[in-house]
Structure formats: C-alpha cells, structure tokens
Amino acid sequence: MEAAMSFKATAAPAPRVLSFQSLNFRPKFTFLKPPTPAGNFMAQNSPLCIRAQKSELKDGPATVSSTDISERDALKVKEWEIGMFQDEIAASQGIRIRRRPPTGPPSHYVGPFEFRIQNEGNTPRNILEEIVWNKDVEVSQMKEKMPLLALKKALDNAPPVRDFIGALKAANSRTGLPGLIAEVKKASPSRGVLREDFDPVEIAKAYEKGGAACLSVLTDEKYFQGGFQNLEAVRNSGVKCPLLCKEFVIDAWQIYYARTKGADAILLIAAVLPDLDIKYMTKICKLLGLTALIEVHDEREMDRVLGIDGVELIGINNRNLETFEVDIGNTKKLLEGERGRKIREKGIIVVGESGLFTPADIAYVQEAGVKAVLVGESIVKQKNPTEGIAGLFGKDISL
Ligand SMILES: O=C(O)c1ccccc1NCC(=O)[C@H](O)[C@H](O)COP(=O)(O)O
C-alpha cells in the first residue's frame, strides 16, 4: 500500500487561531476560474475555490502593523476567516454540516474541563459532521504527501473511464427494471460490520455475475472499513461494471485521486457541499470524464441541485445521514409534482438509494420514477451476493 493510503484519519486538526479574531483584518478573496480544457487548474485546496491573495500577505493589511504579525500567522488568520466564510455560505443554503471544528481545540482534545466546555462547539453535531471533520484532516495530510501536480501526472497511467450513466440506461432498457448499482460495503456507522468475510473483488465479481450494471466501492477507511485499495483491486480484477467511488468529497483533489485509482464516477453530497462546490466539482468531473452522482436527501437539496446546470445523475438517499432514519417514501416525495416534471424535462437519471430490501421496494421506487437503484446492505449480507440480487429483484436480472 502506498504511503498516502496508509493514513488513518486519527490525527487532530490544527487548532484554529482564536486570538486573531479581534483583529480588524479583512482579507480579499479571489474566486478562481473553473478549470480550462487545457487543465489550467489552480484550486487544489479550497473546495469553495476561494483563496486569499498571496500578494496581500506580503504587504500585510493596512490595519495591522506588519511587524506585529508574521506572514505565517497572517496566512493562518486568512485560513480561519475563509473557514468561517465557507460555513456562512453553506448555512445560507440550509447546509448544517460544518466543514471543520469552528474554534479552539479539536474534538479529541482531552485538556482542562473548563476549556472543553468553552469550546463545546467543537463536538460534531452528528455522524455526518464527524465524518466530514475527519475527512478534512485526512485529505489535507494526503495532499501534503501527494500534491495535485503529482496526481495530474498519475492521471496518465489511470485506466480509461467507462460510461457510468450509459451502463445504467442499458440495464434499465434490457431488464425493464432500475439499473443496479451494487455496493461493495463492509461496514457502516449505522449497521456496524455487514460482512466479516469481506473480499471486495469476490463480491464485485458476484455482483457482476448477478446482473449489476455498475458497482459502488466505499473508500472511507475509518467509518466504513473501505479503502482506495479496494477500488483499485476491483478495477484491476477484470470486472467490467463501471465503478462509483463512494467517498465524502470535500475537496477537488479527491476527485483527481479517485480517477487515478480507476473510478468512473464519484459521489458529491449536497448536504455537505454548497452550490459553488457542486458546480465547480461537476466541471472537474466533466474535465476528467467522470460521472458525478449528486446525492440529495430533502426538498431543499433537490431544489438546489436542480438549479445547477450540467447535472445528469441525482441520487435520492432514503437514509437521513444525520439521524440514520431510513424511509423509502423519501424517494417518492422528492419526485412528486414540479420536481419530477423538471427532472424529466432535463433528462436527469434518478437513483433511489438505501433501505431497499425486497422486490416490492424496487417496484415502489421504480413507480416513483427512478431508473436506477443503489443497494448495499441487503445484497452484501447474503452468503451468495449473486443470488442476493435475484432475491432483491424477484428474478434473475443477469439474463
Ligand atoms: O450507511 C450508513 O450508516 C451511512 C452513515 C453516514 C453516511 C452515509 C452512510 N451510508 C451511505 C449510504 O447511503 C449507503 O451506503 C447506500 O445508499 C446503500 O445503502 P443500503 O442499501 O441501505 O446499505
């Protein structure tokens, strides 16, 4: 396993620089241009594509004496302010997930009780927020080991991209049933370990044999016991189904990384990413030939995503990632009325995700309007996942 992949997200994020809050220090922000076809891509760090201008750091802001504050400290101040700015934008779009702990020490901090109480905002509000905060640390460490330039070079050796949406449409027309994205998933925060004897390649082959159109491979290690080594192994195993990299993407760097490991598609979660991120990341996906599966969970997220040009594939998650509650009625609710009409008009393919166990569940979400489904637990838990697929659809869909 290469160095970048051996990382486990246990390290604590760098503490925020609280003492600078009181300084009257206003940064200028630069919204970077989207990537050009020539690959003139600059925003390798900030998901919101916002950068403090470096020249400003050199001269120092007018309101703070440049002898008081080193360039390094100034950079920290800017990073802190940019972080605040990101969360403000996200909150204005109804996003409750903060990108990182707002102040003070990280959640793992075990120092004096009073200090912990003062900083209790640093405790994640729910599991999704905890995952995102860990991912923030993990990604920044991985980026240090493998900067974007190196990743771009690695793209030359990546296997060719396969048509994810094409495979779903073909399966749908062939069987008259939703195309199946079968998930290679060992464990999850809500269900614990789903399968002890977990061999990702064996499971992937069994899924393909059972008629899966595409596969979803969990790459998060800490919460799902997945990994990029699984994605790479499945990709190199001869399995032909296009692969979704099931990650918690917070940074465009991860999209490049997923492509170098053989992904054909990647998940973007609207509960985590503001519109600007989704727009920007969708463009990067297009540039790399990847399909973006944009996941929504409620009406507000669906409306935001429907307002974004170029969206081709939307997943409706029946699992509330903050509470773990699963309700397949969610798919129906989000496809009713004007939203369903807009989706059909735009030719967007909808994927029903999570909590699908029986042929009746499949029929229900198909009736609601989905052309594809994403299924993990109900098939990965079966001794023979090939038979698990037949059981889920009520018939052999490999024919
Ligand atoms: O599954 C979880 O517990 C979970 C928790 C936090 C964030 C994401 C989570 N799951 C991702 C998914 O939505 C599912 O893996 C996927 O849709 C398949 O669901 P299922 O068929 O119910 O395994």
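Just so you know, these numbers come straight off a predicted model, no measurement behind them.

Draft legend 1. Local environment of the pattern of salt bridges. Enumeration over the complete set of coordinates arrives at 22 salt bridges. Across the pair Arg191 and Glu377 runs a salt bridge, and its minimum N-O distance is 2.7 Å. One end of the pair, Arg191, is in the loop between strand E4 (187–188) and strand E5 (192–193); the other, Glu377, is in helix H15 (residues 377–380), with 186 residues separating them in the sequence. According to the relative accessible area criterion, Glu377 is buried, its value standing at 10%. Each of the salt bridges in this network shares a partner with another, and the network as a whole consists of Lys135, Glu138, Asp220 and Glu247.

Draft legend 2. Broad picture of the nonpolar core. Grouped together as the largest cluster of nonpolar side chains are 105 residues, with contacts concentrated most on Leu180, Tyr207, Leu215, Ile255, Met302, Val373 and Phe393. Among the elements that line this core, the one with the most residues is helix H4 (residues 127–145), at seven residues.

Draft legend 3. Highlighting the site of the ligand. Around the ligand lies a shell of 19 residues, among which Glu183, Lys185, Ser190, Ser354 and Gly376 are the nearest. Residue Ser354 places a side-chain N or O atom 2.6 Å away from an oxygen atom belonging to the ligand. Measuring from an oxygen atom of the ligand, one finds a backbone N or O atom of Gly355 at 3.0 Å. Burial of the ligand by the protein chains amounts to 98% of its free accessible area of 520 Å². Applying the majority rule of atoms within 2 Å of the grid points places the ligand in the largest cavity. When grouped by side-chain class, the residues that make up the shell around the ligand number seven nonpolar, six polar and six charged.

Draft legend 4. Structural context of the side chain of Asp264. Inspection of the secondary structure puts Asp264 in the loop between helix H9 (252–260) and strand E8 (265–269). One polar contact links the side chain of Asp264 to the main-chain amide nitrogen of Arg162, over a distance of 2.8 Å. Among residues more than four places away in sequence, those in contact with Asp264 are Pro160, Val161, Arg162, Arg235, Pro242, Leu243, Arg259, Gly289, Leu290 and Thr291.

Draft legend 5. Focus on empty space enclosed by the protein. Within this structure, the stated rule accounts for seven cavities of 30 Å³ or more. Within this model, the largest cavity holds a volume of roughly 400 Å³. As for the largest cavity, its lining consists of 31 residues, of which Lys185, Lys246, Arg319, Leu321 and Ser354 are closest to the centre. Breaking the lining of the largest cavity down by element, the ones donating at least two residues are H4, E8, strand E12 (372–375) and H15. The greatest single-element share of the lining of the largest cavity, amounting to three residues, is contributed by H4. The class makeup of the residues in the lining of the largest cavity is 15 nonpolar, seven polar and nine charged.

Draft legend 6. The arrangement of the layout of surface pockets in detail. Here the second largest pocket defines a volume of roughly 210 Å³. Lining the second largest pocket, in full, are Leu335, Gly340, Ile343, Arg344, Gly347, Ile348, Ile349, Val350, Ala368, Gly369 and Lys371. For the lining of the second largest pocket, the secondary-structure elements that each account for two or more residues are helix H13 (337–346) and strand E11 (349–353). Ranked by the residues each element gives to the lining of the second largest pocket, the list is headed by H13, at three residues.

Draft legend 7. Quick look at the confidence of the model for the protein. Per-residue confidence for the protein gives a mean pLDDT of 82; residues scoring 70 or more make up 74%. In the predicted structure, residues 1–64 sits below a pLDDT of 50 and forms 141 contacts with residues beyond four places in sequence or in another chain. Prediction confidence for the complex, expressed as pTM and ipTM, is 0.79 and 0.98 respectively.

Draft legend 8. Broad picture of helix H6 (residues 164–175). End to end, H6 covers 17 Å across 12 residues, agreeing with the expected 16 Å (1.5 Å per residue, within 8%). All buried positions along H6 are accounted for by Phe164, Ile165, Ala167, Leu168, Ala171, Asn172 and Thr175. Burial along H6 is one-sided: seen end-on, the buried residues are contained in an arc of 160°. Where H6 begins, one side-chain oxygen reaches toward the backbone nitrogen of Ile165, 3.4 Å away; that side chain belongs to Asp163.

Draft legend 9. Local environment of the packing of aromatic side chains. Counted according to the given criterion, the structure contains three aromatic pairs. Their ring planes at 15° and their centres at 5.0 Å tell us that Trp253 and Tyr257 sit as a pair that is stacked. Taken as a pair, Trp253 and Tyr257 lie in helix H9 at a separation of four residues, close to a single helical turn. The two residues Trp253 and Tyr257 agree in class, both being buried. Cluster of aromatic residues (ring-pair linked, three or more members): Phe228, Trp253 and Tyr257.

Draft legend 10. Main features of the packing of helix H7 (residues 200–209) against helix H16 (residues 385–393). Contact pair H7 / H16: the axes reach a minimum separation of 7 Å and the direction vectors enclose 40°. Between H7 and H16, the angle is such that the two are oblique. As for the relative orientation of H7 and H16, their crossing is right-handed in sense. Residues Ala206, Tyr207 and Lys209 of H7 lie in contact with H16, whose contacting residues are Pro385, Thr386 and Ile389. Considering only residue class, the contact of H7 with H16 consists of four nonpolar, one polar and one charged.

Draft legend 11. Just the environment of Ile95, in detail. Structurally, Ile95 can be placed in the loop between helix H2 (71–92) and helix H3 (113–118). In sequence terms Ile95 and Leu334 are 239 residues apart; their C-alpha atoms lie 18 Å from each other. The residues contacting Ile95, other than those within four sequence positions of it, are Ala90, Ala270, Ala271, Val272, Leu273, Pro274 and Arg304.

Draft legend 12. A look at the state of the cysteines. Counting across every chain of the model gives zero disulfides. Considering cysteine sulfurs only, Cys214 is the nearest to Cys241, which forms no disulfide, with 6.6 Å between them. Cys285 provides the cysteine sulfur closest to Cys245, a residue in no disulfide bond, and the two sulfurs are 10 Å apart. Look at Cys245 and you get buried, because its relative accessible area is 0%.

About the criteria used
Residues numbered from 1 in each chain as written. Predicted model: local features only at pLDDT ≥ 70, side-chain atom pairs only at ≥ 80, totals over all residues. Heavy atoms only, no water. Salt bridge = Lys/Arg side-chain N within 4 Å of Asp/Glu carboxyl O. Helix = DSSP H or I, 4+ residues; strand = E, 2+ residues; numbered from the N terminus. Buried < 20%, exposed > 50% of the residue type's maximum accessible area, 1.4 Å probe, protein only. Core = buried A, V, L, I, M, F, W, Y, C linked by side-chain atoms within 4.5 Å. Near = heavy atom within 4 Å. Polar contact = N/O pair within 3.5 Å; in protein donor to acceptor, adjacent residues only side chain to side chain. Areas by Shrake-Rupley, 256 points an atom, 1.4 Å probe, with all protein chains shown as cover. 1 Å grid on protein atoms, 1.4 Å probe; cavity = no way out; pocket = protein on both sides within 12 Å on 5 of 7 lines; lining within 4 Å. Sits in = over half its atoms within 2 Å of the grid points. Nonpolar A, V, L, I, M, F, W, Y, C, P; charged D, E, K, R; others polar. Contact = heavy atoms within 4.5 Å. Points joined across faces, edges and corners; volume = space filled by probe spheres on them. pLDDT = per-residue confidence, 0-100. Expected span 1.5 Å × (residues − 1). Arc of directions from axis to C-beta. Phe/Tyr/Trp six-rings, centres within 6.5 Å; stacked < 30°, edge-to-face > 60°. Axes fitted to C-alpha atoms, helices over the stretch in contact; angles between N-to-C directions. Parallel < 35°, antiparallel > 145°, perpendicular 65-115°, else oblique. Left-handed = near helix turned anticlockwise from the far one by under 90°. Disulfide = S-S within 2.5 Å.

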